[in-house]
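Remarks on the overall topology
Chain residues, written in single-letter form:
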Amino acid sequence: MQEREESTLQLREGEGLEAWLDQYGDQLLRLCTLYLKDVHLAEDAVQDTFLKAWRSREQFRGESSAKTWLTRIAINVCKGYLRSPWKRRREPADIMDQLPAPAAGLRDDTLPKAIMRLSRPYREVILLHYYQQLKAREIAQLLHIPLSTVTVRLSRARQQLRDELKGWYYDEEAGF
């Protein structure tokens, strides 16, 4: 019980909203952009995420990392945006033109486009695992699904990407 209290106090006293923005802002913006397929809507979603998190920081129990907690809030905000009647009526923008550049400096957009063509459950686990660098157990916690479901979705998503990107990064005939 004392560990939970300490993690809650640390979140309130040690980290302010500005620290969260600096530490998690870019990651959440990329996640929301890929989730919503609209950079402007994603910016709104990130703002809403930080506002909701800040208002409910007292309720953070420390059962997960702050990153996992913020990611869960961001996913819920994005799902709410996708359910809204306004979003359903809007024409989707070309996401790849609006996508913020990843920190690693990826220049070719072939892989992100392939990821965007995956169905939502597969795209979701790929984004959380590779872009947000969450472990399968954290993803299961975040999405409220069994760990085995996460691992199966990751495996199937990788296989779909492998099939779609055959020859793009690996030439089977040449063996490299």
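First things first, this report covers the structure right here in the doc. (Residues numbered from 1 in each chain as written. Predicted model: local features only at pLDDT ≥ 70, side-chain atom pairs only at ≥ 80, totals over all residues. Heavy atoms only, no water.)

**Quick notes on the overall build of the chain**
On a plain count of helices and strands, the chain comes out with ten helices and zero strands. Along the chain direction, N to C, the helices and strands of the chain fall in the order α-α-α-α-α-α-α-α-α-α. Counting the 176 residues in the chain, one finds 39% classified as buried. The contacts of the chain with a sequence gap of at least 6 include a subset with a gap of at least 24, amounting to 68%. Looking at the chain as shown, the accessible area adds up to about 10,700 Å², and 48% of this sits on carbon and sulfur atoms. (Helix = DSSP H or I, 4+ residues; strand = E, 2+ residues; numbered from the N terminus. Buried < 20%, exposed > 50% of the residue type's maximum accessible area, 1.4 Å probe, protein only. Contact = heavy atoms within 4.5 Å. Areas by Shrake-Rupley, 256 points an atom, 1.4 Å probe, with all protein chains shown as cover.)

**Focus: the packing of helix 3 (residues 39-55) against helix 4 (residues 66-83)**
Two numbers describe a pair of packed helices, the interaxial angle and the distance between the axes. Axis separation between helix 3 and helix 4 bottoms out at 9 Å; the angle between their running directions is 130°. When the axes of helix 3 and helix 4 are compared, the pair comes out oblique. Here helix 3 runs over helix 4; the crossing is right-handed. Across the interface between the two elements, Leu41, Asp44, Ala45, Asp48, Thr49, Phe50, Lys52 and Ala53 from helix 3 touch Trp69, Leu70, Ile73, Ala74, Val77, Cys78 and Tyr81 from helix 4. (Axes fitted to C-alpha atoms, helices over the stretch in contact; angles between N-to-C directions. Parallel < 35°, antiparallel > 145°, perpendicular 65-115°, else oblique. Left-handed = near helix turned anticlockwise from the far one by under 90°.)

**Thoughts on the state of the cysteines**
Counted according to the given criterion, the structure contains zero disulfides. Unpaired in this structure, Cys32 has its nearest cysteine sulfur neighbour in Cys78, at a distance of 3.4 Å. A relative accessible area of 0% means that Cys32 is categorised as buried. (Disulfide = S-S within 2.5 Å.)

**A few points about the packing of helix 2 (residues 17-36) against helix 4**
Viewed as axis vectors pointing N to C, helix 2 and helix 4 meet at an angle of 35°, and their least axial separation amounts to 10 Å. For the element pair helix 2 and helix 4, the recorded crossing hand is right-handed. Residues Trp20, Tyr24, Gln27, Leu28, Leu31, Cys32, Tyr35 and Leu36 of helix 2 pack against Ala66, Lys67, Trp69, Leu70, Thr71, Ala74, Ile75, Cys78, Lys79, Tyr81 and Leu82 of helix 4. In terms of residue class, the contact of helix 2 with helix 4 is made up of 15 nonpolar, two polar and two charged. (Nonpolar A, V, L, I, M, F, W, Y, C, P; charged D, E, K, R; others polar.)

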